[in-house]
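# Coordinate inspection notes
One letter stands for each residue in the lines below.
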Amino acid sequence: MIPRKSNLFFLFLAVSLMMLVFMFIHAGYRRNLAYDSLHAKREFMRQLTLTDLCLVTEASYTRHLSQADRHTAFQDSPMALEHFPSGSIYLPPSYLRKINE
C-alpha cells in the first residue's frame, strides 16, 4: 500500500520539528559545557590586554572593525557591491555614522 502524500508530509514535518527541538536542547547543553572554557579564554584575553577579537576571517575590514576606514569596503570602485557576507552584518563604527547624519 502506497502512503498518501499528505501523510508523508506530516511525517516529514514531525521529524523536522523534533530535530529543531533537539538542536535547541543540544545548543543549551553544549553552552553549559563550554562555560568554563569560555570564562578561561575571556580571562586569558584580559591578562594579555588584547583589544580586538577576530570575529570573521573574510575581509580585512571585517576582521578587526576598529582598523577599518570608511572606504575600505569600496576599494575596487565606489559602486562595487559588497562581496563578503560579513560586511553586510556589521554596522559601521558609531563615529562614522555620526559624521553622515
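These figures come from a predicted structure and were not determined experimentally. (Residues numbered from 1 in each chain as written. Predicted model: local features only at pLDDT ≥ 70, side-chain atom pairs only at ≥ 80, totals over all residues. Heavy atoms only, no water.)

### Some points on the overall build of the protein
Definition in use: Counting from the N terminus, the helices are DSSP H or I runs at least four residues long and the strands are E runs at least two residues long. Buried means the residue's accessible area, taken with a 1.4 Å probe over protein chains only, is under 20% of the maximum for its type, while exposed means over 50%, and partly exposed covers the values in between. Only heavy atoms matter for contacts: two residues are in contact if any of them lie within 4.5 Å across the pair.
What the protein contains, in helices and strands, is three helices and zero strands. Taken from N to C terminus, the helices and strands of the protein fall in the order α-α-α. Considering the protein as a whole, with its 101 residues, one finds that 9% of them fall into the buried category. A fraction of 39% describes how many contacts in the protein between residues 6 or more apart in sequence connect residues 24 or more apart.

### Points about the pattern of salt bridges
Inclusion rule: By salt bridge we mean one thing: a side-chain nitrogen of Lys or Arg within 4 Å of a carboxyl oxygen of Asp or Glu.
Within the structure shown, the criterion is met by one salt bridge. In this structure, Glu43 and Arg46 form a salt bridge, with 3.1 Å as the shortest nitrogen-oxygen distance. Note that Glu43 and Arg46 are positioned in helix H1 (residues 5-48) at a spacing of three residues, about one turn of the helix. Exposure remark for Glu43: the relative accessible area of 32% places this residue in the partly exposed category.

### Focus on H1
Where we set the bar: The length a helix should cover is 1.5 Å for every residue beyond the first. To get the bend at a residue, fit one axis to the 7 residues ending there and another to the 7 starting there, then take the angle between the axes.
In a regular helix each residue adds 1.5 Å, so 44 residues correspond to 64 Å; H1 covers 60 Å between its end C-alpha atoms and thus fits that length. If you look at H1, its biggest bend is around 45°, right at Ala34. Thr49 lies just past H1 and shows a positive phi near 50°.

### Looking at a nonpolar patch on the surface
To be explicit about the condition: Only residues whose relative accessible area exceeds 30% and that form no salt bridge are eligible for patches; like-charged ones are grouped when within 9 Å, while nonpolar side chains (Val, Leu, Ile, Met, Phe, Trp, Tyr) are grouped when within 5 Å. Surface accessibility follows the Shrake-Rupley procedure with a 1.4 Å probe radius. Residue values consider only the protein chains on display as shielding.
Among the surface-exposed residues, Phe9, Phe10, Phe12, Leu13, Leu17, Leu20, Met23 and Phe24 lie close enough to one another that they form a single nonpolar patch of about 870 Å² accessible area. Counting through the fold element by element, Leu13 comes out in helix H1. Overall, Leu13 belongs to the partly exposed group, its relative accessible area being 35%.

### Thoughts on the confidence of the model for the protein
How we decide: Every residue carries a pLDDT, the predictor's confidence in it, which falls somewhere between 0 and 100.
Residues of the protein with pLDDT of at least 70 account for 53%, and the chain-wide mean is 77. Across the protein, the element-wise mean pLDDT spans from 62 in helix H2 (residues 60-63) up to 91 in H1.

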